[in-house]
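Results of the structural survey
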Amino acid sequence: LYGLFQIKKGLVFGVVVIVCSVSLIAATIFQSYVGNIISRIVYIVSAGWLGILWLLFSALLFYEILRLFLRINPRTAGIFIISIVVIAALYSIVNAQLVRIKTLKIPGSVDCNIVQLSDIHIGSVSGNFLERIIEKTNSLNPDFVLITGDLVDNYNKRTREAISYLEKLQPLTLFVTGNHEGYVGPEKVTKALEAANIRVLRN
């Protein structure tokens, strides 16, 4: 991308590349241990950058293939790529805030209503977002709820507080760990869930 705009690769460029490269790892560690508004903002910006980086990579890859067949002005291509990425990033941010329900009817002899929740990633999303999910879940009047892993991304004070919101789930709720609970520490997470009246299944 810097080549399309003829940006020179000097010291500032190198520093920016290094900072951007380590930003998500550093922000994740910072958010895991601190868990305040500053760490959350740093994490959101860093995670947002990772998404933008993927969009830029995809757009630039498409451009490189296209220019094998067409003559394209590099600066025009750069402006177009950045515009497309900005639109896609804004759409993704808005889309991520929506809580959608997908309904499946499974044939069988048992008539029951099950709600499955998965990959909520508390820590990456706010407690308010979790409360919206809980409210929507209760409105479906399920017989029971299944939470199938990756509920949390860290175990800081805000995350522990958000886990306690799960007490508001009205039906019996069952939980199994995912790989993210493994990163955080499964025993810590399951203990907090059991305190919130969530039944943890092991093996």
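As the structure is a computational prediction, the values presented were derived from the model and not from experiment. (Residues numbered from 1 in each chain as written. Predicted model: local features only at pLDDT ≥ 70, side-chain atom pairs only at ≥ 80, totals over all residues. Heavy atoms only, no water.)

**With respect to the side chain of N138**
The following threshold applies: Only DSSP runs of H or I covering at least 4 residues are called helices, and only runs of E covering at least 2 are called strands; the numbering of each starts at the N terminus. Residue burial is assigned from relative accessible area. The probe radius is 1.4 Å, only protein chains are included, and a residue is buried under 20% of its type maximum, exposed over 50%, and partly exposed in between. Pairing of N or O atoms within 3.5 Å defines a polar contact, subject to two protein rules: one partner must be a possible hydrogen donor and the other a possible acceptor, and residues neighboring in sequence count only if both atoms are side-chain atoms. Here a residue-residue contact requires only that any non-hydrogen atoms of the pair lie within 4.5 Å.
Following the sequence through the fold, N138 ends up in helix α4 (residues 127-139). Residue N138 is classed as buried on the basis of its relative accessible area of 12%. A distance of 3.0 Å separates the side chain of N138 from the backbone nitrogen of Q170, its partner in a polar contact. Apart from residues lying up to four places away in sequence, N138 is in contact with K168, L169, Q170 and P171.

**Details of the confidence of the model for the chain**
Put simply, the rule is: Residue-level confidence of the predictor, termed pLDDT, takes values from 0 up to 100.
Taken as a whole, the chain shows an average pLDDT of 92; of its residues, 100% reach a score of 70 or greater. Here helix α1 (residues 11-33) stands out as the least confident element of the chain, with mean pLDDT 90; strand β3 (residues 172-176) is the most confident, with 97.

**Thoughts on the environment of E187**
If you trace the backbone, E187 turns up in helix α7 (residues 186-195). Residue classification places E187 among the exposed positions, given a relative accessible area of 56%.

**Re the packing of aromatic side chains**
Applied cut-off: What counts as a ring pair is set by centres within 6.5 Å for rings of Phe, Tyr and Trp (its six-membered ring), and what kind of pair is set by the plane angle: stacked under 30 degrees, edge-to-face over 60, tilted for all other angles. Comment: the charge-over-ring label is applied if NZ (Lys) or CZ (Arg) is within 6 Å of the ring centre and within 35 degrees of the ring normal.
Under the criterion given, the structure shown has two aromatic pairs. Centroid distance Y2 to F13: 4.9 Å. Interplanar angle 70°. Geometry classified as edge-to-face. One end of the pair, Y2, is in the segment before α1; the other, F13, is in helix α1, and eleven residues separate them in sequence. The positively charged end of R160 is found above the aromatic ring belonging to Y155, 5.4 Å away from the centroid. Against the face of Y165 rests K168, its NZ or CZ located 5.1 Å from the ring centre.

**A few points about the sheet that holds β3**
Note the cut-off: Note: two strands are recorded as paired if DSSP finds a minimum of 2 bridges between them.
The strand order across the open sheet built from four strands is β1-β2-β3-β4, with neighbouring strands paired in parallel fashion. In the strand order of this sheet, the two ends are held by β1 (114-117) and β4 (199-200), each with one partner. Relative to strand β2 (residues 144-148), β1 runs parallel, the two sharing four bridges. In the sheet register, I114 faces β2, and the bridge partner there is F144.

**A closer look at the pairing of β2**
Working note: regular strand, side chains alternate between the two faces of the sheet. Stated precisely, the cut-off is as follows: Orient the strands so they point away from the viewer; a crossover is then right-handed if the path from the first strand over the helix to the second runs clockwise.
The alternating pattern of β2 places V145 and I147 on a buried face and F144, L146 and T148 on a face that is not buried. The parallel pair β1 and β2, bridged by α4, forms a crossover whose chirality is right-handed. Here β2 runs beside β3; their pairing, made up of five bridges, is parallel. Bridge assignment links V145 to a residue of β3, and that residue is T173. Viewed along the sheet, the connection from β2 through helix α5 (residues 157-164) into β3 turns out right-handed.

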